[in-house]
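# Chain and residue survey
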Amino acid sequence: MEVNIWVWVGFFAFVIAMLVLDLTVFNKKGEVPTFKKSLLQTAAWIALAFIFAGGVWYFAGSGHAIDFITGYLLEESLSMDNLFIFILVFGFFGIEARYQHRVLFWGVFGAVVMRVLFILGGAALLHKFEWLMYLFGIFLVYTGIKMFFNKNEDQNLDDSKIIQVLRKFLPVKDDVSKPHFIVKENGKHYVTPFLIALIFIELSDLLFAVDSIPAVLAVTQDTFIVVTSNIFAVLGLRSLFFALSKLLPMFRYIKYALAGILAFIGAKMLINEAGKMFDWQFEISNVTSLVVIIGLLAIAIIASIIKTRWEDEHNQAK
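Residues numbered from 1 in each chain as written. Predicted model: local features only at pLDDT ≥ 70, side-chain atom pairs only at ≥ 80, totals over all residues. Heavy atoms only, no water.

### What about the packing of aromatic side chains?
Two descriptors summarise a pair of aromatic rings, namely the distance from one centre to the other and the angle between the planes of the rings. Put simply, the rule reads: Between 30 and 60 degrees the pair is tilted, below 30 it is stacked and above 60 it is edge-to-face, where a pair is any two Phe, Tyr or Trp rings, Trp via its six-membered ring, whose centres lie within 6.5 Å. Secondary structure elements follow DSSP: runs of H or I of four or more residues count as helices, runs of E of two or more count as strands, with numbering from the N terminus. Using a 1.4 Å probe on the protein chains alone, a residue whose accessible area is under 20% of its type maximum counts as buried, one over 50% counts as exposed, and one in between counts as partly exposed.
As enumerated under the stated definition, the model contains 24 aromatic pairs in all. Between Trp 106 and Phe 109 the ring centres are 5.8 Å apart and the planes differ by 80 degrees, which places this aromatic pair in the edge-to-face class. Residue Trp 106 and its partner Phe 109 are located together in helix 5 (residues 97-128), separated by 3 residues, close to a single helical turn. The class for Trp 106 is partly exposed, based on a relative accessible area of 35%. Look at Phe 109 and you get partly exposed, because its relative accessible area is 37%. Consider the rings of Phe 241 and Phe 242, whose centres lie 5.2 Å apart with planes at 65 degrees: the pair is edge-to-face. Judged by relative accessible area, which is 9%, Phe 242 ranks as buried. Through a chain of ring-to-ring contacts, three or more aromatic side chains come together here, namely Trp 8, Phe 11, Phe 12, Phe 14, Phe 50, Phe 52, Phe 68, Tyr 72, Phe 224 and Phe 232.

### Thoughts on the pattern of salt bridges
Spelled out, the test is: Think of a salt bridge as a Lys or Arg side-chain nitrogen and an Asp or Glu carboxyl oxygen that are within 4 Å of each other.
Summed over the entire model, instances satisfying the criterion amount to 5 salt bridges. In this structure, Arg 115 and Glu 75 form a salt bridge, with 3.0 Å as the shortest nitrogen-oxygen distance. Taken together, the residues span a long stretch of sequence, with Arg 115 in helix 5 and Glu 75 in helix 3 (residues 62-78) at a distance of 40 residues. Note on Arg 115: relative accessible area 5%, which makes it buried. The exposure class assigned to Glu 75 is buried, which follows from its relative accessible area of 3%. Asp 174 is the salt-bridge partner of Arg 167, the closest N and O atoms lying 3.1 Å from each other. Overall, the relative accessible area of 34% leaves Arg 167 in the partly exposed class. Residue Asp 174 is classed as exposed on the basis of its relative accessible area, which comes to 57%.

### Here we look at the packing of helix 2 (residues 35-60) against helix 10 (residues 237-244)
Rules: A fitted line through C-alpha atoms represents every axis, and for helices the fit uses only the stretch in contact; the resulting angles, taken between N-to-C directions, go from 0 to 180 degrees. Crossing handedness is read from the near helix: turned anticlockwise from the far helix by less than a right angle, it gives a left-handed crossing, and turned clockwise, a right-handed one. Here, two residues are considered to be in contact whenever any of their heavy atoms come within 4.5 Å of each other. Lys, Arg, Asp and Glu make up the charged group, whereas Ala, Val, Leu, Ile, Met, Phe, Trp, Tyr, Cys and Pro make up the nonpolar group; the residues left over, Gly among them, are polar.
Remark: helix 2 packs on helix 10, axes separated minimally by 8 Å, with the N-to-C direction vectors making an angle of 140 degrees. Judged by the sense of rotation from one axis to the other, the crossing of helix 2 with helix 10 is left-handed. Contacts between helix 2 and helix 10 pair Phe 35, Ser 38, Leu 39, Gln 41, Thr 42 and Trp 45 from the former with Arg 238, Ser 239, Leu 240, Phe 242 and Ala 243 from the latter. Its residues assigned to classes, the contact of helix 2 with helix 10 comprises 6 nonpolar, 4 polar and 1 charged.

### What about a nonpolar patch on the surface?
Spelled out, the test is: Here the term patch refers to residues with relative accessible area over 30% and no salt bridge, with like charges joined within 9 Å and nonpolar side chains (Val, Leu, Ile, Met, Phe, Trp, Tyr) within 5 Å. The accessible surface values rely on the Shrake-Rupley method and a 1.4 Å probe; as for residues, cover is taken only from the protein chains in view.
A cluster of nonpolar side chains, namely Trp 106, Phe 109, Val 113 and Leu 117, defines an oily patch on the protein surface of about 370 Å² accessible area. Relative to the helices and strands, Leu 117 resides in helix 5.

Given below as structure tokens:
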């Protein structure tokens, strides 16, 4: 897909403008986002992504538009892991809801920068070394299987090596009464739990990107589609977190859906690459991928709701 340099400039100008509006207009300082407001903002981000997909369809054809939607939904679903990390981090550091937006804003900004660099590097490597597709495919299948069988319900950040190292090398003042990343006291500068939380979130996103970037590159290696679908998914993370933060613990089976998605995308990558090598007449299309992603998420959410309701009814009956 040939993209003019000014299209890139216009897209990133739009991203910067939306981030500025998000920080200065849509979310006032010290205001706790309501469920309704967060839901409306999430819907607005999703609508913008599909409007963008419509533009891709108009200017570049249906194939690229389907690639964008598949990549966007793939990244949006895999970002669910980020939302669980947000809940864990804010609870651990005792960061109030009215201050969480500021941490997430800079977390999203950092994630956008890191993912663009990751995608550009990954796409360049795949263009030069096509055999890496097999390694990415095997890695995704392995990650999906590992996630499916991994039992990590009792996560405790007290045991986190990242936080232990940060606290060891950075002067930390445990004060979350004001949303400052760095404070000065008696002529000495200290970092606060807000900055530790931000660094932890950024490093966690970096680890998640190791899974999600190869997954979206299995959908398409068109740099513009991969970058834009990733960024749209990341931009909606903050409002999605506030909209679903109370509901996420109920979605106990989401992890299995994400595991299945990763394993499927990895298998698709391996099958399609093998098909090119051996000239098979079979290929898993992105339309099929789109159906599988939506289907697995729907099954996981419905199963989680049914299980939660059954437990509530069972407890009331006691």
